[in-house]
Amino acid sequence: VQLVESGGGLVQAGGSLRLSCAASGRTFITYSMRWFRQAPGKDREFVAKVSRNGGSTDYADSVKGRFTISRDNTKNTVHLQMNSLKPEDTAVYYCAASLFYSGSSPDGVAYWGQGTQVTVSS
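The rules we used
- Residues numbered from 1 in each chain as written.
- Predicted model: local features only at pLDDT ≥ 70, side-chain atom pairs only at ≥ 80, totals over all residues.
- Heavy atoms only, no water.
- Disulfide = S-S within 2.5 Å.
- Helix = DSSP H or I, 4+ residues; strand = E, 2+ residues; numbered from the N terminus.
- Buried < 20%, exposed > 50% of the residue type's maximum accessible area, 1.4 Å probe, protein only.
- Contact = heavy atoms within 4.5 Å.
- Salt bridge = Lys/Arg side-chain N within 4 Å of Asp/Glu carboxyl O.
- Phe/Tyr/Trp six-rings, centres within 6.5 Å; stacked < 30°, edge-to-face > 60°.
- Lys NZ or Arg CZ within 6 Å of the ring centre and 35° of its normal.

Caption draft 1: Representation of the state of the cysteines within the structure. Applying the stated criterion across every chain, the model contains 1 disulfide. Note that C21 is cross-linked by a disulfide to C95, the S-S spacing being 2.1 Å. Looking along the S-S bond of the C21-C95 disulfide, the torsion reads about -80 degrees, which is the left-handed sense. Placement of the pair is C21 in strand β3 (residues 17-23) and C95 in strand β9 (residues 91-98), with a sequence separation of 74 residues. C21 gets classed as buried once you look at its relative accessible area, which sits at 1%.

Caption draft 2: Main features of the environment of F67. Within the secondary structure layout, F67 lies in strand β7 (residues 67-72). C-alpha of F67 to C-alpha of S84: the two residues are 17 residues apart in sequence and 8.5 Å apart in space. Setting aside anything within four residues of it in sequence, one finds F67 in contact with R37, V47, Y59, L80, Q81, M82, N83, L85, D89 and Y93.

Caption draft 3: Broad picture of the pattern of salt bridges. Scanning all chains against the criterion turns up 4 salt bridges. E45 is paired through a salt bridge with R37; the nearest N and O atoms lie 2.6 Å apart. By relative accessible area, E45 is classed as partly exposed at 35%. With a shortest N-O distance of 2.9 Å, D89 and R37 are connected by a salt bridge. Here D89 is found in the loop between β8 (77-82) and β9, whereas its partner R37 is found in strand β4 (residues 32-38), with 52 residues between them in sequence. In this structure D89 comes out as buried when scored by relative accessible area, which is 1%. We classify R37 as buried; its relative accessible area is 6%. Sharing partners across several salt bridges, the network here consists of R37, E45, R66 and D89.

Caption draft 4: Spatial organisation of the packing of aromatic side chains. For the coordinates displayed, the defined rule picks out 4 aromatic pairs. Relative to Y111, the ring of Y31 lies with its centre 5.8 Å away and its plane at 80 degrees, an arrangement referred to as edge-to-face. Pair noted here: Y31 is in the loop between β3 and β4 and Y111 is in strand β10 (residues 111-112), with a separation of 80 residues, a long-range link. Pairwise contacts between aromatic rings join F36, F46, Y94 and W112 into one cluster. A cation over a ring is seen here: R44 above Y94, with NZ or CZ 3.7 Å from the ring centre. Above the ring of W112, the side-chain terminus of R44 is found at 4.5 Å from the ring centroid.

Pasting the structure below:
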């Protein structure tokens, strides 16, 4: 599976961005999908995940109520709608695919995208 993110950019605090991740291959539906982020000097951290059929989602406490993850299995895409953005959301955001893994650790990721930069100014 190849993953390509898009939609990052510069936004003011309180603004919104929508990240997209396009996946190649016919087996997209077999993967649960996640978004992680990594700020300079920090470890990569879990942001959100969605189950294979899109029926179940989970979020990091820091983004709960502000971010929404979704997927479209007909288009092999996953999205992250980010609202009420804060300067501390500034990071490189990575799309990730996992197979037979239900946790939130980066160790459970099988495939990574290249990342897209999100910068939130105060």
